[in-house]
Amino acid sequence: MQEKQYTNRNLLQSNLPLSYTLTAGINEVSAIKIGRNSLWLNGGNFSNIDNFISSIKTISRNNKIIIRGCNKSTSKKLNKNGFNEILFAKEAIIELDKNISITKKLLRRISSLLKRGNVKEIVFSDENTEIFNEFLKTTFHWGKPQLRNLFLDRFSESTRLFVYEISPNKWEGAILVSQNSKSKMQGEQFFRKKIGMNGVMDTLVYSICHILENEGYAEFSLGEVPFTISENTSFFSKANFLNLIGSKIKFAYNYKGLYNFKNKFVTRWDDIFICTNNRWLFLDLLRIAKKSNLLALALYKIFN
């Protein structure tokens, strides 16, 4: 086992927003225009959280900007620079030094699958990227409108690819993973075959946890579940208004099923916020829904 990359609880809080990656020596942000002077900062690469905050301060001088995927610590740093926050989601965190409380039935299924195949990391290369792209055509959501700009969805130098393989280059499932901080890795996209084995995604999550723990990471995030807020949130709050909107589109985006899958493994749920340096508008959410393809997905579900 490698030497632990974290030394105390404070390091665990120094995370970039979700789907931003920790990249040594690089500080860059991806911005999507959603209004005349409004930008949705949907991702980026930064060498540390302070460089991220510094870059955001520069961009926000002349623009209204919106950042999703901020945990409480990141939100506080942005608050000090004139931002406000809206509770939007929960992040599924697996603390790797704790036992995962999965059922005996699920553990038996995972053990059975690990006897029939194995979980392995795929090295990034042109050849493996081609194999991955062919695998995507067999997965559950292929041929449907895909959510965009919310997660890292490409196999690249910024992501790691773990697969469940039953024979050479025959994959039943895959998870793209990125590094969110010195101590935390994040699951970006989860792919399973349309007609595949039961329990493959569970087996991937379980095995990746052990791999990352041996590499010295403290946490493995399974990402956010939107429209999931605390029961004691004020009925008249903006957070509750967003939650109400989510309940109206759950036919298109099954966040309840997503919550149930991730809840099998998590040891902690963290609040996740949308942060903005200006007044929050419902129109901003609609524009982000359009740019993320959520509206197209909803229309697809209605007519199919």
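Residues numbered from 1 in each chain as written. Predicted model: local features only at pLDDT ≥ 70, side-chain atom pairs only at ≥ 80, totals over all residues. Heavy atoms only, no water.

Quick word on the overall build of the chain
So the rule is basically this: The secondary structure listing takes helices from DSSP runs of H or I that are at least 4 residues long and strands from runs of E that are at least 2 residues long, numbered from the N terminus. Burial classes follow relative accessibility: with a 1.4 Å probe on protein chains only, a residue under 20% of its type's maximum area counts as buried, one over 50% as exposed, and anything between as partly exposed. Contact between two residues is taken to exist if any of their heavy atoms lie within 4.5 Å; hydrogens are not considered. Surface exposure here means Shrake-Rupley accessible area, sampled with a 1.4 Å probe, where a residue is shielded only by the protein chains that are shown.
Along its length, the chain carries 10 helices and 11 strands. For the chain, the residues scored as buried account for 49% of the 304 residues in total. Long-range pairs, those at least 24 residues apart, make up 76% of the contacts in the chain between residues at least 6 apart in sequence. Accessible surface, the chain: about 15600 Å² in total, of which carbon and sulfur atoms supply 50%.

A few points about the side chain of Lys-90
For clarity, the cut-off: Pairs of N or O atoms within 3.5 Å make up the polar contacts considered here, provided that, within protein, one atom can donate a hydrogen while the other can accept it, and that residues adjacent in sequence are counted only when both atoms are side-chain atoms.
Assignment of secondary structure puts Lys-90 in strand β5 (residues 84-95). Assessed through its relative accessible area of 14%, Lys-90 is described here as buried. Only 2.5 Å separates the side chain of Lys-90 from the side chain of Asp-271, close enough to count as a polar contact.

Re a positive patch on the surface
We apply this condition: Patch definition: residues with relative accessible area over 30% and no salt bridge; like charges joined within 9 Å; nonpolar side chains (Val, Leu, Ile, Met, Phe, Trp, Tyr) joined within 5 Å. We define a salt bridge as a contact between a side-chain nitrogen of Lys or Arg and a carboxyl oxygen of Asp or Glu at a distance within 4 Å. Counting rule for charge: Lys and Arg are taken as positive, Asp and Glu as negative, and neither His nor the chain ends is counted. In plain terms, the charge of a residue is placed at NZ if it is Lys, CZ if Arg, CG if Asp and CD if Glu.
A surface patch of positive charge is lined by Lys-104, Lys-105, Arg-108 and Arg-109. Relative to the assigned elements, Lys-105 resides in helix α4 (residues 104-116).

Brief notes about the nonpolar core
Put simply, the rule is: Take the buried Ala, Val, Leu, Ile, Met, Phe, Trp, Tyr and Cys residues and link them wherever side-chain atoms come within 4.5 Å; each set so joined is a nonpolar core.
Grouped together as the largest cluster of nonpolar side chains are 26 residues, with contacts concentrated most on Ile-94, Leu-204, Val-205, Phe-220 and Phe-265. Listed by contribution, the elements that provide at least two residues to this core are β5, α4, β7 (160-167), β8 (170-179), α6 (200-215) and β10 (219-226). A per-element tally of this core places α6 first, with seven residues. Leaving out residues up to four positions away in the same chain, Phe-220 has contacts with Ala-92, Ile-93, Ile-94, Leu-96, Val-177, Met-185, Gln-186, Gly-187, Val-205, Ile-208, Cys-209 and Leu-212.

A short note on the environment of Leu-106
Note on placement: Leu-106 falls in helix α4. As a C-alpha pair, Leu-106 and Thr-203 span 97 residues in sequence and 9.1 Å in three-dimensional space. Dropping the residues within four chain positions of it, Leu-106 is found in contact with Asp-202, Lys-264 and Phe-265.

Overview of the packing of helix α2 (residues 49-60) against helix α3 (residues 72-79)
The following threshold applies: Only the contacting stretch of a helix is used when fitting its axis, a line to C-alpha atoms as for every element, and angles between N-to-C directions run 0 to 180 degrees. Here roughly perpendicular refers to angles of 65 to 115 degrees, roughly parallel to angles under 35, roughly antiparallel to angles over 145, and oblique to all remaining angles. For a crossing to be left-handed, the near helix must be turned anticlockwise from the far one by less than a right angle; the clockwise case is right-handed. Here the term charged refers only to Asp, Glu, Lys and Arg, the term nonpolar to Ala, Val, Leu, Ile, Met, Phe, Trp, Tyr, Cys and Pro, and the term polar to all other amino acids, Gly among them.
Running from N to C, α2 and α3 cross one another at 40°; their axes reach a closest spacing of 11 Å. With respect to α3, the element α2 is oriented oblique. Judged by the twist between their axes, the crossing of α2 over α3 is right-handed. On α3, the residues touching Ile-49, Asp-50, Phe-52, Ile-53 and Ile-56 of α2 are Thr-74, Lys-77 and Leu-78. Taken together, the residues of the contact of α2 with α3 sort by class into five nonpolar, one polar and two charged.

A few points about the pattern of salt bridges
All told, the structure shown has 15 salt bridges when counted by the stated rule. Asp-202 is the partner of Lys-264 in a salt bridge, and the nearest nitrogen-oxygen pair spans 2.8 Å. Remark: Asp-202 occurs in helix α6 and Lys-264 occurs in the loop between α8 (255-263) and β11 (268-276); sequence separation between them is 62 residues. A residue is classified by how much of its surface remains accessible, and Lys-264, at 33% relative accessible area, is partly exposed. By relative accessible area, Asp-202 is classed as buried at 7%.

Side note on the pairing of β11
Our working definition: Two strands are said to pair when DSSP picks up at least two bridges between them.
A large share of β11 lies buried, amounting to seven of its nine residues. Pairing between strand β4 (residues 64-70) and β11: three bridges, direction antiparallel. Bridge pairing in β11 places Ile-66 opposite Thr-276. Across nine bridges, the pairing between β5 and β11 is antiparallel. In the sheet register, Asn-84 faces β11, and the bridge partner there is Thr-276.

Topic: the confidence of the model for the chain
We apply this condition: For every residue, the pLDDT score states the predictor's confidence, bounded by 0 at the bottom and 100 at the top.
Predicted confidence across the chain gives a mean pLDDT of 86, with 85% of residues reaching 70 or more. When the criterion is pLDDT under 50, residues 1-12 qualifies, and its contacts beyond four places in sequence or with other chains add up to 27 contacts.

Some thoughts on the packing of aromatic side chains
Spelled out, the test is: Each aromatic pair joins two rings of Phe, Tyr and Trp (for Trp, the six-membered one) with centres within 6.5 Å, and gets the label stacked for planes under 30 degrees apart, edge-to-face for over 60, and tilted for any other angle. Should the NZ of a Lys or the CZ of an Arg lie within 6 Å of a ring centre and within 35 degrees of the ring normal, that charge is described as sitting over the ring.
Enumeration over the complete set of coordinates arrives at 10 aromatic pairs. Summarising the aromatic geometry, the rings of Phe-132 and Phe-155 are spaced 6.1 Å apart at their centres and angled 70° between planes, so their arrangement reads as edge-to-face. Of this pair, Phe-132 sits in helix α5 (residues 126-136) while Phe-155 sits in the loop between α5 and β7; the two residues are 23 residues apart in sequence, bridging distant segments of the chain. Overall, the relative accessible area of 7% leaves Phe-155 in the buried class. What links up through ring pairs into an aromatic cluster is the set Phe-124, Phe-132, Phe-155 and Phe-191. Lying over the aromatic face of Phe-140, Arg-192 brings its terminal NZ or CZ to 4.5 Å of the ring centre.

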